[in-house]
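The primary structure of each chain is shown beneath.
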Amino acid sequence: MSRKIFVIIAALAFLMCLISMYFGASIYNANDNIHVQHLNEMDRLSYYDAEQVPALTKMAAIITMPFLLGIIVLEVYVVMKTKIAPVKRIALSLTGIALTVLIIAVMTLASPLSFDFSHWGFVWIFAGLFTIAGNGVSVFMKPKNI
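Here's what I pulled together on the structure shown here. No experiment lies behind these values; they were computed from the predicted model shown.

Okay, the overall build of the protein next. The number of helices and strands found in the protein is 4 helices and 0 strands. Going from the N terminus to the C terminus, the protein shows its helices and strands as α-α-α-α. Across the 146 residues in the protein, those meeting the buried criterion constitute 40%. Accessible surface, the protein: about 8,700 Å² in total, of which carbon and sulfur atoms supply 70%.

Laid out in structure tokens, this is it:
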């Protein structure tokens, strides 16, 4: 099995982390903007309005969903093709993590008010970091020559 697939999965997870951090920070700032809007206008800082938080949350879930689907498909491919048992277990665990985040993304699309991305975005970030770490370890694992 080519080691490039692990790098591709890690790159998808890294992009998902970056997107999640952007939306999480934007939504967090939009929620805080309510209290200091007059100060921000004086300093010429512009944040999203608090009314835009549900739309931003929905957009964050929609934009990260292709990355999640790509990670899931590639991790399932790794599970089916690899002969190295620890790599298979890591890929299976990362598939479960990505499926959990996908379920949360679907719930976020269904109710963006309940699943504010400034709080739930950490799930995306930590799942991405685990995926990067797991695939980084998998790159260096070799089959035993017994």
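This next bit is on the side chain of T131. For T131, the position within the fold is in helix α4 (residues 117-140). The buried category is assigned to T131, whose relative accessible area is 3%.

With that settled, consider the environment of M107. Mapped onto the elements of the fold, M107 is located in helix α3 (residues 85-110). Sequence separation between M107 and A61 is 46 residues; the distance between their C-alpha atoms is 9.4 Å.

Conventions we followed
- Residues numbered from 1 in each chain as written.
- Predicted model: local features only at pLDDT ≥ 70, side-chain atom pairs only at ≥ 80, totals over all residues.
- Heavy atoms only, no water.
- Helix = DSSP H or I, 4+ residues; strand = E, 2+ residues; numbered from the N terminus.
- Buried < 20%, exposed > 50% of the residue type's maximum accessible area, 1.4 Å probe, protein only.
- Areas by Shrake-Rupley, 256 points an atom, 1.4 Å probe, with all protein chains shown as cover.

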